[in-house]
Amino acid sequence: MKSVYVRKKPGILRMSYLSFKRFAFLFVILMSSLILNAQNIQQVDGKVTGANGSSVAGVTVAVKGATTGTITDDAGNYTLKNVPKDATIVFSFLGMTTQEIPLNGKSKLDIVMAEANIGLEEVVVIGYGTTKKADLTGAVSVIKSDELKNAPVISVGKALQGLATGVFVRNSGAIGSEPSIEIRGIGSFSLQTPLYVIDGVPTTATRDFNAYDIESIQILKDASAAAIYGSRAGNGVIIITTKKGSSGAMKIDFSSKVSLQKLPLIAQARRDEWIKLYDAAYDNAIADGISGVTQRQQHPAGIDTDWLKEVFHTGVLQDYNLTLSGGNTGGNYLVSMNYLDDSGTAHGQSMNRINFRVNTEGIKGIFKIGENLVVSNTFINENNGATIYNAYRTIPTIAVRDSTHQPGGYGYGQETSTRSFGGNPIGEEDLHPSTNKNMRILGNVYTDVKILKSLTYRLNAGLEANTNNYKALVKSGLTQLNQPSEASSVTESKSNAITTLLENTLNYKGTFGKHNIDAIIGTTYQYDYNESITAAGKNLVKIGDYYFTTLNNITTNATVQGSIGKAVLISYLGRLNYSYDNRYLLSLTLRRDGSSRFAKANEWDNFPSISVGWRLSNEKFFHVGWINDLKLRANYGTLGNANIGYWDFVSTLNTFPIAVFGSDQHTETGMTVVKLVNSDIHWETKIQKNFGVDLAVLKSRLQLSGDYFISTTKDVLTALPILYSTGNDGGNPYVNAASLENRGIELTATWKENVGDFKYSATVNYTRLRNKVLDFGYGKTTYYTTTTITEIGKPLGMFYLVQEAGIFQTQDEINSWKNSKGVVIQPNAKPGDEKYIDANDDGQITSTDRVICGNPWPKFELGVNLNAEYKNFDLSMNTYGSFGQDAFNSLFYITDQLMDEMAARKGYDYWTPTNTSSANPRPLYGDTRNGRYDQTRWLEKASFYKLSQITLGYNLKSLKFFSNFDGLRVSVTGQNLLVLTKYKGLDPDFIGSSIWEKGLDNYAYPNPKTIIFSVNVTF
Amino acid sequence: MKKLLKLTLLIIVGFLYSCSKDLLDVANPNTPTSQVFWKTENDATLGLNAVYHAFYAGGTWQLNMFFRNDLTSDEGWSNSPALDLAEYTRFIYSDYNDYNENTQIWKYHYKAILRANLVIANVSNITFTDESKKKDIIAQAKFLRGFYYFYLAILYENVPLVLNPSNAGDAPKQNTLTEVFTQCIEDFTEAAADLPTTRASTDLGRATKGAALAYLGKVYMQMGNWQAAKDAFYWLVEGDGATNYGLMDNYRDNFKHTTENNKESVFEIQFSDVNQIFAGLYGISNDIPSSNVGCARAQYFGIKGIGWCDAQPRRWIIDEYYKETNATGGLDIRLRDNFFYPNLQTDFPGEKIYGQDWSVLNWGSNTVTSNYWRKYQNDYWRTYENNYSPINYRTIRYADVLLCYAECLAQLNTTPPALAIQCVNRVRQRKEVNLLPLESSIYANVCTDKTLFLNRLKVERSLELCAETVRWIDLKRWKPWNDPTEWAALLVRDPDFNNFVKGKSERLPIPQLEVDNNPNLTQNPGY
């Protein structure tokens, strides 16, 4: 029985062997079908020239929908063998307009390539429709699948860092973690994440999305662009369009990625060094007469645990993807399968994920019917609590395992030898495994009816179904000094969340002379429903060491709870895009939203926007030869937000209070109001103004884009902390309280050029953002946390700490450290203790001596991305920098405090009478004077510039052996290999604790340094 | 084609209209709203029970009240490695917002007060078939409101009085200690008038007239109004209520779960281990299904290796018991029942420490850290502790009332009257304790001198009531910091008082967040 419950060890071989075998099999089958494929074929040749008659080398010449292709030689000549007689030949070259020419039996085909007006004809998805980039009047960033091909594989959001202006991304390296994404700053207190729209279905970002499926990502940043999503677009919109099949024979694309991940960690002091440090801390405490400290610890012999080695390991992440696609004029299909397995970088982590997608579209007469459907199944075992905290909370003189400690057999602190109250991080994971399983179905079915040539009706029905199963097991066992022994228990919760969406839209497109109209009206209805059940119980049936963990095996304290959530959102929408002579552009949008999350009187609100554009370069008077395109844009609009609970406008009764009475000590139930509410809450609105310019110069090789925006969020829905004296509990009630302002400048410059076989491009993204609070609710002017202050007129979450002013070197210095009234401020201090500034001059150091002393917000952010191709080599590099911010390094608060037994840093240097130059105070056990949390000792400059990604790829298809493939690319990618920073914590790219403590690095999980090996085969 | 267009338009228009606004009416299926509550007698009972539920919170009587009262006073101290906890017991407050040690207490007291206010404000509008039941419910709510304000006043003094159900945006005004005590007097007086003298066996644990009067007396004592205090206690000691109360023969019966709600209990918080659900902070979380209605004190006060050992007794109390023997020449039995200490097994042969011998377990060899609390521990019936101790907690025992009465009588007279001495003797001569009457004991001289008698009471109270959340209240009444001799003695008993700053440390700092966020509130002096 003992071996029945074996927790899966993460590892490449164990997890992938089966799946790899399956893929290999499939691969062979597909290959053979390809080779056997024979048709009515011929040879085609010809010459490609430019507009000026010169030959063009390096043009890709391919048979559309098939696998054959070549490139033109130096003289512009090409030869294509084995071409079907009815094939269409595609000529493409970066910077030139792609041409598709039907062969119609011809065997010679010469063509003239024209230079493309780069990007302007590009189609941009803008929500309920598309527009040409040239006609765009709002601020939209577009990211193509090509830019994502080397990206991290778990979460789409992580790839966005540095790729688009105005998009603030911070990452965590924890398994399955989502990045934090803020578009154009913090515009709301209740929720900062943007709205995701995947193939027309509004949803949230999750770690279950297969990045290979992405065709393009559009980020709608300003009010004009996002207004069509009205009430939900307050934080910006990220539209993800997935790939579709294209006409031609089946195209097969297989990719495999294997990543090795290693965390950047700070070395811990090992046994001898640690003992020296803490003996000194105890000696100082004894000398100072600290209450209860009378002798040094009697360190156990022979134990020297390397906790970092025990807890962390090199993570292996494998990702396999197979995409099959094809189609003809009557329709197209795409099927993709993805398997991902991540061993995680710490003990007790693992994750795996399977995605299956089918996108199809068929056309019959005036009808076009299609669907996008993805099923994702994710399993994840995350760490309990903060992994980093737990690993640094324990000490090297505690053994990982100790058979004398029963139940459990894990090492933990002892009163007189290892008085550490950290939980054994290995034991915590082994004894308390918790897993989460999630199955998500996301998809939509749509019907386009082309009523008239210019009029299309679309019915779009979407569904998102999420099934979650969370299970937390607690096995009997001790991991911490003096811990009470808990009985074994299991908690299991299952939840179902279903969102249904029904949309009717009517789209009109018409051209009358120079007038161009694109208009849409529609309605949407969205219903969110979720239900959850949680059951728990204690004292599980156990045979030997094996626990039976299904709910049937609960023997005592069984409890069950359940709840339901429902919300309805009804919207009416309309948009008019009008352009005159490709010179004057106008866009009007109106959305009216009604939400069940508000009381009757406040259900409905309108979200309008207007935007205008002027293509200066198309004016007759405009004669600047080197400017290829110049457009000015301006817009003004209103967005909304209702990201609150289902029924936050009405107070409910808590039915759980019980009280004990009587000689039999029976319990009686109670009922009362626990959480107070504000019943008049209503829509939060964000008013945004945006001014932009787009410029293309030097034969469009250099494209520049700039935006300036001011956005003001009013009636911000805030769960603003209310006074404890109100008696409120169970969370703070929402109130339309605050008002916020964000201003920003966004600049993008892209250079693209082809020099013979050498193609390269470089993009620089610059973002500068300032936020400030204009108003709080309830007449407040400030909001405090332990480390920060937020005041009206100032940015959110400024650091607010007691200032450290160095180390007392002598008793005289202590005696003369007085306030203005001559009171000695730190009379208990000894030489070697920290000196603090008595900011309020009251003669003592308390939390009221805190002052503003740091800014968590970067002054600006920079992304520099380079891409180059030479023949079969390609190189891409993304760098990202954030400059001017401060961060609070909580990790050092653990390692450097030396007042309670925790891990210490290797090579830690501290003040002694003979080492007076150290910036670190003397260690002092059992006293907070040198280790107080709210002080500037832990505050650091946190600017950084990092090489977030570098990839070198080589396409093997030129080798004869692989000539049957359309592509066979191998590449190696490095992530986070180089981080330039003065920040001494683990990683300056961390997700802050909350919007109020944006710069608080609260034991954040660092981003691993990663090497990714990829193979991509298409045929 | 035109037909199709018309049809489509019809569909759309039809859809627009069918989106009637009723679709947005989504009722909450989970729980009733407050709008349908406070209509029936049953609602009143449910609302009142929810006030009693407020005892089961870390900020009230599951944990923190023991730290704040028993460890702040000279009876206890903390050697906890959780330095916030330890330093709060040493008058070192480096973080006024410390959630575990400070903010939680403030928050959960006001939470309880909100519940009481809801009952008081709403129940008067409910029609009852039996009017006395309605009065009883409101009186219980008033008692509980007075109860929480009394402890807030003891701990923070200058707290806002919130007497009506709160709105989210309220920023209540600060009140003085006298105003808060005056409110307590009003609540306890009104409660005493309507509360029954005894409870049916199924209702034990609910407030009684005696409980309200005992607290009323305590409030008056803190205000130095000895006559009013005596008048309040009179009903329990000399008046009609006296027959309802008495002392248990066995001292430890007051600290066991098997002898609860006995005649010595004046007000008793009911704990049960029926729901051993570990949730929330330290396993303490209220308003959740099947929430823990046990007490966490025993786990936190537990001897090393059994509990967290965050609380230990000061040695002087143990030494104090050795100064006098009982009528048969033996040691005061209360020493055995209150402490685990190095000589326990030699002083009282046959005693065990959770079934073990002291020498086996090596609970620390040096004298500073080798004394532990036994009172309210579960060692008499099991070998472990957890967060679910079922032992009811007696916030006022009859022994306390008798000693208070003695103090009032002594204060009101130039020499201690006979009744005062008799009250002390009743406690000293509890059957099992069996000390000599004060006048025949080695302390006979105190019986004729008011000051000596009052000083002796200070010791008698500790010997009887140590670690019963009364000593800090007593110290605040006696103010030893105003008398150089007493102060010097106090520093010897508890060196933590070296950090005590007169004019400041008598009260806790108000949680800074509350001060910062309430323009009508100022921080306590000195902080």
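Residues numbered from 1 in each chain as written. Chains lettered and ligands numbered in written order. Predicted model: local features only at pLDDT ≥ 70, side-chain atom pairs only at ≥ 80, totals over all residues. Heavy atoms only, no water.

If you tally the helices and strands in chain A, you get 10 helices and 53 strands. Here chain A has a C-alpha radius of gyration of 32 Å; the compact-globule value for 1019 residues is 31 Å, and the two agree. Dimensions of chain A along its principal axes, counting C-alpha atoms only, are 100 × 70 × 60 Å. Expressed as a percentage of the 1019 residues in chain A, the buried residues total 57%. Sequence separation of 24 or more characterises 70% of the internal contacts of chain A that already satisfy a separation of 6 or more. By element, 57% of the accessible surface of chain A is carried by carbon and sulfur atoms, the whole surface being about 39700 Å². A gap of 6 Å separates the mean positions of the 99 positive and 94 negative side-chain charges of chain A. (Helix = DSSP H or I, 4+ residues; strand = E, 2+ residues; numbered from the N terminus. Rg over C-alpha atoms; globule rule 2.2 N^0.38 Å. Buried < 20%, exposed > 50% of the residue type's maximum accessible area, 1.4 Å probe, protein only. Contact = heavy atoms within 4.5 Å. Areas by Shrake-Rupley, 256 points an atom, 1.4 Å probe, with all protein chains shown as cover. Lys, Arg positive; Asp, Glu negative; His and termini not counted. Charge placed at Lys NZ, Arg CZ, Asp CG, Glu CD.)

This next bit is on unusual backbone geometry. Residue and element names in this part refer to chain A. The backbone of Leu698 sits at a positive phi, close to 50 degrees, despite the residue not being glycine. Position of Leu698 relative to the elements: it lies in the loop between strand E36 (684-697) and strand E37 (702-718). Despite not being glycine, Tyr1003 shows a phi value in the positive range, around 55 degrees. Tracing the backbone shows Tyr1003 in the loop between strand E52 (1000-1001) and strand E53 (1009-1018).

Quick look at the interface of chain B and chain A now. Reports often express the size of an interface as the amount of accessible area lost when the parts come together. If you look at the interface, chain B gives 108 residues, while chain A gives 94 residues. Buried surface at the junction of chain B and chain A, summed over both partners, amounts to about 8600 Å²; 61% is from carbon and sulfur atoms. By the criterion of area lost to chain A, the three top residues of chain B are Leu24, Ala168 and Trp308 of chain B, representing 9% of everything that side buries. Taken together, the connections running from chain B to chain A amount to four salt bridges. In this structure, Asp729 of chain A engages Lys111 of chain B in a salt bridge whose closest nitrogen and oxygen atoms are separated by 2.5 Å. Joining chain B to chain A, the criterion identifies 28 residue pairs in polar contact (both at pLDDT 80 or more). Secondary structure elements with two or more residues in the side of chain B that touches chain A: helix H1 (2-18), helix H2 (41-53), helix H4 (83-88), helix H5 (99-123) and helix H20 (512-517) of chain B. (Buried area = accessible area lost by both parts, 1.4 Å probe. Salt bridge = Lys/Arg side-chain N within 4 Å of Asp/Glu carboxyl O. Polar contact = N/O pair within 3.5 Å; in protein donor to acceptor, adjacent residues only side chain to side chain.)

With that out of the way, let us pick up the sheet that holds E52 of chain A. Residue and element names in this part refer to chain A. Spatially, E49-E48-E52 is the arrangement adopted by the three strands of the open sheet, whose pairing is mixed. On the outer flanks of this sheet lie strand E49 (939-941) and E52, each paired with one strand and no other. Bridge count for strand E48 (residues 886-889) against E49 is three bridges, and the pairing is antiparallel. By the bridge assignment, Phe888 is partnered in E49 with Leu939. (Pairing = 2+ DSSP bridges.)

The subject of this paragraph is the state of the cysteines. Residue and element names in this part refer to chain B. Taken as a whole and assessed by the stated rule, the structure comprises zero disulfides over all chains. A disulfide-free cysteine, Cys408 has its sulfur positioned 6.6 Å from the sulfur of Cys404, the nearest such atom. The closest cysteine sulfur to the non-disulfide-bonded Cys447 is located on Cys423, 13 Å from its own sulfur. A residue is classified by how much of its surface remains accessible, and Cys447, at 9% relative accessible area, is buried. (Disulfide = S-S within 2.5 Å.)

Residue and element names in this part refer to chain B. With nine of its 12 residues buried, helix H9 (residues 226-237) lies for the most part within the structure. Buried within H9 are the following residues: Trp226, Ala228, Ala229, Lys230, Ala232, Phe233, Trp235, Leu236 and Val237. Of the surrounding secondary structure, the elements contacted by the buried residues of H9 are helix H8 (209-223), strand E2 (265-269), helix H15 (398-412), helix H16 (418-428) and helix H18 (471-478).

As a further point, take the packing of aromatic side chains. Residue and element names in this part refer to chain B. According to the stated counting rule, one finds 79 aromatic pairs over all chains in the structure shown. The ring centre of Phe66 lies 5.0 Å from the NZ or CZ of Arg297, which sits over that ring. Positioned over the ring face of Trp316 is Arg493, at 5.1 Å from the centre of the ring. (Phe/Tyr/Trp six-rings, centres within 6.5 Å; stacked < 30°, edge-to-face > 60°. Lys NZ or Arg CZ within 6 Å of the ring centre and 35° of its normal.)

This part covers the confidence of the model for chain B. Confidence in the prediction of chain B, expressed as mean pLDDT, is 91, and 93% of residues score 70 or more. For this predicted complex, the interface confidence comes out at an ipTM of 0.93, alongside a pTM of 0.79. (pLDDT = per-residue confidence, 0-100.)

Attention now goes to the environment of Ser579 of chain A. Residue and element names in this part refer to chain A. Within the fold, Ser579 resides in strand E28 (residues 554-580). Owing to a relative accessible area of 5%, Ser579 belongs among the buried residues under this scheme. Sequence separation between Ser579 and Val650 is 71 residues, and the spatial gap between their C-alpha atoms is 47 Å. When near neighbours in sequence (up to four residues on either side) are disregarded, Ser579 contacts Lys514, His515, Asn516, Tyr584 and Leu585.

Oppositely charged side chains can form a pair if their charged atoms are brought close together. All names here are of chain B. Tallying each qualifying case throughout the model produces 92 salt bridges over all chains. A salt bridge links Arg477 to Asp474; the shortest N-O distance between them is 3.0 Å. One end of the pair, Arg477, and the other, Asp474, are both in helix H18, three residues apart, so they sit about a helical turn from each other. Comparing Arg477 with Asp474 shows no difference in burial state: the two are buried. A single network of salt bridges, built from pairs that share partners, joins Glu264, Asp332, Arg334, Lys375, Arg397, Arg430, Glu464 and Glu468.

Our next topic: H2 of chain B. Taking 1.5 Å of rise per residue, the 13 residues of H2 of chain B would be expected to cover 18 Å, and the 19 Å separating its terminal C-alpha atoms lies within 8% of that figure. Among the residues of H2 of chain B, Glu41, Asp43, Ala44, Thr45, Leu46, Gly47, Leu48, Asn49, Ala50, Val51, Tyr52 and His53 of chain B are the ones counted as buried. Buried-residue contacts for H2 of chain B involve strand E33 (658-661), strand E34 (666-669) and strand E35 (672-673) of chain A together with H5 and helix H6 (131-155) of chain B. (Expected span 1.5 Å × (residues − 1).)

With that out of the way, let us pick up the nonpolar core. Trp61 and Phe143 of chain B are the most contacted members of the largest nonpolar core, which totals 179 residues. With 15 residues, H6 of chain B is the single largest residue contributor to this core. Non-local contacts of Phe143 of chain B, meaning those with residues more than four positions away in its chain, are made with Phe188, Ala191, Leu195, Ala207, Ala211, Ala212, Tyr215 and Phe267 of chain B. Counting residues in hydrophobic clusters, the runner-up holds 50 residues, among them Trp274, Tyr282 and Ile426 of chain A together with Leu83 of chain B. (Core = buried A, V, L, I, M, F, W, Y, C linked by side-chain atoms within 4.5 Å.)

Attention now moves to the pairing of strand E19 (residues 331-342) of chain A. Residues and elements named next belong to chain A. Counted residue by residue, E19 has 10 buried out of 12 residues, so it is predominantly covered. Inspection of the sheet shows strand E18 (residues 315-328) paired to E19 by 12 bridges, in the antiparallel sense. Looking across to E19, one finds that Asn321 is bridged to Asn338. The antiparallel hairpin formed by E18 and E19 contains two residues in its connecting segment. Where E19 lies against strand E20 (residues 350-364), 12 bridges are found, and the strand directions are antiparallel. Paired with Met337 across the bridge in E20 is Phe356.

Let's shift gears to the sheet that holds strand E42 (residues 798-801) of chain A. Residue and element names in this part refer to chain A. With respect to topology, four strands assemble into an open sheet ordered E40-E41-E42-E45, the strand pairing being antiparallel. With one partner strand each, in any of the chains shown, strand E40 (782-784) and strand E45 (851-854) form the two edges of the open sheet. Here the average twist between neighbouring strands, direction ignored, is 40 degrees. (Axes fitted to C-alpha atoms, helices over the stretch in contact; angles between N-to-C directions.)

Residue and element names in this part refer to chain B. Where H5 meets H6, the closest approach of the two axes is 9 Å, and the angle between their N-to-C directions is 155 degrees. When the axes of H5 and H6 are compared, the pair comes out roughly antiparallel. The crossing of H5 and H6 is left-handed. In contact with Ile105, His109, Tyr110, Ala112, Ile113, Ala116, Asn117, Val119, Ile120 and Val123 of H5, H6 contributes Lys134, Ile137, Ile138, Ala141, Lys142, Arg145, Tyr148, Tyr149, Tyr151, Leu152 and Leu155. When its residues are assigned to classes, the contact of H5 with H6 shows 16 nonpolar, two polar and three charged. (Parallel < 35°, antiparallel > 145°, perpendicular 65-115°, else oblique. Left-handed = near helix turned anticlockwise from the far one by under 90°. Nonpolar A, V, L, I, M, F, W, Y, C, P; charged D, E, K, R; others polar.)

The next subject is the pairing of strand E23 (residues 455-474) of chain A. Residues and elements named next belong to chain A. Sheet analysis places strand E22 (residues 434-452) next to E23, joined by 18 bridges and oriented antiparallel. From the neighbouring strand, Val449 faces E23, where its bridge partner is Tyr457. Between E22 and E23, which pair antiparallel and follow one another directly, the connecting turn spans two residues. In this sheet, strand E24 (residues 489-512) lies alongside E23 in antiparallel orientation, the contact comprising 20 bridges. Considered in E24, the bridge of Asn469 is made with Lys494.

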